[in-house]
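# Structure at a glance
This is what each chain is made of:
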Amino acid sequence: GSVLVYPSRFSNNERNIVLIGEAYFKVRHIDSSPFQVSVNRLNVKDIGTSFDIQSYPTLDDTRVTLNEGLVSVSDGRTDYRLKPNQQLIYSNFTGKVSIEDVDAKGYAEWRNGGLQFDGEPLTKVLKMLEYRYDVHFQIVTNRYDRQYVRLRFNPQENIEDILSVISLVVPDFKWKMVGKKIIVQ
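Below, the structure is looked at part by part. Quick caveat: nothing in here was measured; it's all calculated off a predicted structure. (Residues numbered from 1 in each chain as written. Predicted model: local features only at pLDDT ≥ 70, side-chain atom pairs only at ≥ 80, totals over all residues. Heavy atoms only, no water.)

## Some words on the side chain of Gln86
Summarising the element assignment, Gln86 is placed in strand β7 (residues 86-91). In contact with Gln86, other than residues within four places in its own chain, are Val64, Thr65, Leu66, Arg81, Ile99, Glu100, Asp101 and Val102. (Helix = DSSP H or I, 4+ residues; strand = E, 2+ residues; numbered from the N terminus. Contact = heavy atoms within 4.5 Å.)

Structural data, given as structure tokens:
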């Protein structure tokens, strides 16, 4: 579900790309040719680093998580510098920015097929599962709007395994799968 737009050849003095979705970058810093990612309303510039960006169109926020090195993130008004194990969260609706200390390795778990959610809203978790498993959730209740979960899944777990675990963790979580549609009641 991600789209990466880049030129067929970078110019000598810049390496600019555009991202929609999620990607992990491990970048060699070159002073004379900075690497920059435009995502949503943010510009992320490497300072010799590895980092993850998550910005799916259906999510409420854009997240930049630094694994190692340094990155500079600009929202057009302010430049923020992240240190390893920090995450910048940009609200796609309000433009508000916050920076939190996180376990950066956990946020890059998707690269190896695993999933980790650390105090995330259940509605966001379900949206992420849509991208991962090519399914669509139809939520017919608002009882989960304020439900937050902390979950970790191994690469071999399928969508039914994950929903079964969510059923154990979230009180009264009921679901039914019809083809690629999952109805949550």
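## Focus on the nonpolar core
Of all hydrophobic cores here, the largest spans 23 residues; its most connected members are Leu122, Leu126, Leu129, Phe137, Ile166 and Phe173. Listed by contribution, the elements that provide at least two residues to this core are β9 (115-121), α2 (122-133), β11 (148-153), α3 (159-169) and β13 (181-184). Here the element with the most residues in this core is α2; it accounts for five residues. Among the nonpolar cores identified, the runner-up in size contains 20 residues, and Val64, Leu66, Val71 and Val97 belong to it. (Core = buried A, V, L, I, M, F, W, Y, C linked by side-chain atoms within 4.5 Å. Buried < 20%, exposed > 50% of the residue type's maximum accessible area, 1.4 Å probe, protein only.)

## Description of the packing of aromatic side chains
Counting across every chain of the model gives four aromatic pairs. Between the aromatic rings of Tyr56 and Tyr131, the centroid separation amounts to 3.8 Å while the plane-to-plane angle is 20°, which identifies the pairing as stacked. Taken together, the residues span a long stretch of sequence, with Tyr56 in the loop between β4 (42-55) and β5 (61-74) and Tyr131 in helix α2 at a distance of 75 residues. One aromatic cluster is present, built from ring pairs that chain together Phe25, Phe35 and Phe51. Geometry around Tyr133 places Arg132 over its ring, the cationic atom sitting 5.9 Å from the centre. (Phe/Tyr/Trp six-rings, centres within 6.5 Å; stacked < 30°, edge-to-face > 60°. Lys NZ or Arg CZ within 6 Å of the ring centre and 35° of its normal.)

## Focus on a nonpolar patch on the surface
On the surface, a cluster of nonpolar side chains totalling about 290 Å² of accessible area is made up of Val3, Val5, Val18 and Ile20. Elements with a contribution of two residues or more to the nonpolar patch: β1 (3-5) and β2 (15-27). Following the sequence through the fold, Val3 ends up in strand β1. (Patch = residues over 30% accessible without salt bridge, like charges linked within 9 Å, V, L, I, M, F, W, Y side chains within 5 Å. Areas by Shrake-Rupley, 256 points an atom, 1.4 Å probe, with all protein chains shown as cover. Salt bridge = Lys/Arg side-chain N within 4 Å of Asp/Glu carboxyl O.)

As far as function goes, none of this settles anything; it's purely spatial.
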